[in-house]
Amino acid sequence: MKTSAKVHKIVGLGLFTAIVFVLQMLGAFIRFGPFSISLVLVPIVVGAAMYGAAGGAWLGFVFGMAVIISGDAAAFLVVNPLGTVITVLGKGIAAGLGAGLVYQLAAKTNRYVAVGASAIVSPILNTGLFFVGCLVFFLPTIAGWASAEGYAGNAVQYVIFVMIGLNFIVEMAINVVLCPVILRILRAAGLKN
């Protein structure tokens, strides 16, 4: 990679890093149900499309760290700190890495299909791994939360319908609509991957 391309990539990832961090800190206040909507998946997907799977994984890591720093994971941190860190960082990294890998594979055929597929894969990985983390690390605690809200005996149903259902739908819709538009604008401005 030429020096100017390396500098362009470092600066671009730096800008996307700042956007991810700021969006997560501000997004912690936008809630549908008990958890905030992850608006940061949009710059993660766009960054992964522009800077590759490793860039997407980095942006996902930054997202995970911002979730922990913002206090958005506080309810889980008090229950199982290690499980929280594994879940939050794992889902963020996987969302960025997966978006980048899907983009790289599909871009050989069509870049807009590739960014659309990445925009779908990212929230699926983010939410899916959050769900797995809930089952592996927090099920007894979530069962107590479920019972307190009238979902006695059905913690899995509580996770699906109360904790992730609406959030997932909103995140997916935001990603599918905004990611292709933003990537097209960046490319029109002369920024190419």
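Above this note sits the structure.
Quick caveat, the model's predicted, so the values are computed rather than measured.

Thresholds, definitions, all that
- Residues numbered from 1 in each chain as written.
- Predicted model: local features only at pLDDT ≥ 70, side-chain atom pairs only at ≥ 80, totals over all residues.
- Heavy atoms only, no water.
- Helix = DSSP H or I, 4+ residues; strand = E, 2+ residues; numbered from the N terminus.
- Rg over C-alpha atoms; globule rule 2.2 N^0.38 Å.
- Areas by Shrake-Rupley, 256 points an atom, 1.4 Å probe, with all protein chains shown as cover.
- Contact = heavy atoms within 4.5 Å.
- Expected span 1.5 Å × (residues − 1).
- Bend = angle between axes of the 7 residues up to and from the residue.
- Phe/Tyr/Trp six-rings, centres within 6.5 Å; stacked < 30°, edge-to-face > 60°.
- Buried < 20%, exposed > 50% of the residue type's maximum accessible area, 1.4 Å probe, protein only.
- Polar contact = N/O pair within 3.5 Å; in protein donor to acceptor, adjacent residues only side chain to side chain.
- Patch = residues over 30% accessible without salt bridge, like charges linked within 9 Å, V, L, I, M, F, W, Y side chains within 5 Å.
- Salt bridge = Lys/Arg side-chain N within 4 Å of Asp/Glu carboxyl O.
- Axes fitted to C-alpha atoms, helices over the stretch in contact; angles between N-to-C directions.
- Parallel < 35°, antiparallel > 145°, perpendicular 65-115°, else oblique.
- Nonpolar A, V, L, I, M, F, W, Y, C, P; charged D, E, K, R; others polar.
- Left-handed = near helix turned anticlockwise from the far one by under 90°.

> Report on the overall build of the protein chain, specifying residues and quantitative values.
In terms of helices and strands, the protein chain carries seven helices and two strands. Counting from the amino terminus, helix and strand elements in the protein chain follow one another as α-β-β-α-α-α-α-α-α. Over its C-alpha atoms the protein chain spans a radius of gyration of 17 Å, differing by no more than 12% from the 16 Å that the globule rule assigns to 193 residues. Projecting the C-alpha coordinates of the protein chain onto the three principal axes gives extents of approximately 55 × 30 × 25 Å. Accessible surface computed for the protein chain: about 9,200 Å², of which carbon and sulfur atoms make up 75%.

> An account of the environment of Val176 is needed here, citing residue identities and associated values.
Tracing the backbone shows Val176 in helix α7 (residues 155-188). For the pair formed by Val176 and Gly116, sequence separation is 60 residues and the distance between their alpha carbons is 6.0 Å. Beyond its immediate sequence surroundings of up to four residues, Val176 is in contact with Ala119 and Ile120.

> Provide a residue-level description of α7, including the pertinent values.
Between its first and last C-alpha atoms α7 spans 47 Å; for 34 residues at 1.5 Å apiece the expected length is 50 Å, and the two agree. In the structure, α7 departs most strongly from a straight axis at Ile164, where the bend amounts to approximately 55°.

> Report on the packing of aromatic side chains, specifying residues and quantitative values.
Using the criterion set out here, one finds six aromatic pairs in the structure. Summarising the aromatic geometry, the rings of Phe76 and Trp145 are spaced 5.5 Å apart at their centres and angled 65° between planes, so their arrangement reads as edge-to-face. Highlighted residues: Phe76 in helix α3 (residues 74-77) and Trp145 in helix α6 (residues 139-148), separated in sequence by 69 residues. Here Phe76 falls in the buried class, since its relative accessible area comes to 6%. We classify Trp145 as partly exposed; its relative accessible area is 27%.

> Let's hear about helix α5 (residues 111-137): which residues, and what values?
The end-to-end C-alpha distance of α5 is 38 Å, a good match for the 39 Å that 27 residues give at a rise of 1.5 Å each. Capping the start of α5, Asn110 holds a side-chain oxygen 2.7 Å from the backbone nitrogen of Tyr112, two or three residues further along.

> Describe in detail a nonpolar patch on the surface, supporting the description with residues and values.
A contiguous nonpolar patch, built from Leu129, Val132, Leu135, Val136, Val156, Ile160 and Phe161 and spanning about 560 Å² of accessible area, is present on the exposed surface. If one sorts the elements of the nonpolar patch by residue count, α5 sits on top with four residues. Along the chain, Ile160 falls in helix α7.

> Account for the environment of Ala146, with residues named and values stated.
The residue Ala146 is located in helix α6 in this model. Sequence spacing of Ala146 and Met172 is 26 residues, and the spatial spacing of their C-alpha atoms is 25 Å. Non-local contacts of Ala146, meaning those with residues more than four positions away in its chain, are made with Tyr151, Ala152, Asn154, Ala155 and Tyr158.

> Outline the side chain of Thr87, listing residues and values.
Structurally, the position occupied by Thr87 is in helix α4 (residues 81-106). According to the relative accessible area criterion, Thr87 is buried, its value standing at 7%. Leave out the neighbours within four places in its chain, and Thr87 touches Leu129, Phe130, Gly133, Phe137 and Phe138.

> I'd like to hear about the packing of helix α2 (residues 41-70) against α4, residue by residue, with values.
At a minimum axis separation of 7 Å, α2 and α4 run at an interaxial angle of 175°. It follows that α2 is roughly antiparallel to α4 by the angle criterion. A per-class count over the contact of α2 with α4 returns 21 nonpolar, eight polar and one charged.

> With reference to specific residues and values, describe the packing of α4 against α5.
As a packed pair, α4 and α5 sit with axes 8 Å apart at the nearest point and diverge in direction by 160°. Comparing the axis directions of α4 and α5 gives the class roughly antiparallel. Considering only the axes of α4 and α5, their crossing is right-handed. In terms of residue class, the contact of α4 with α5 is built from 15 nonpolar, eight polar and two charged.

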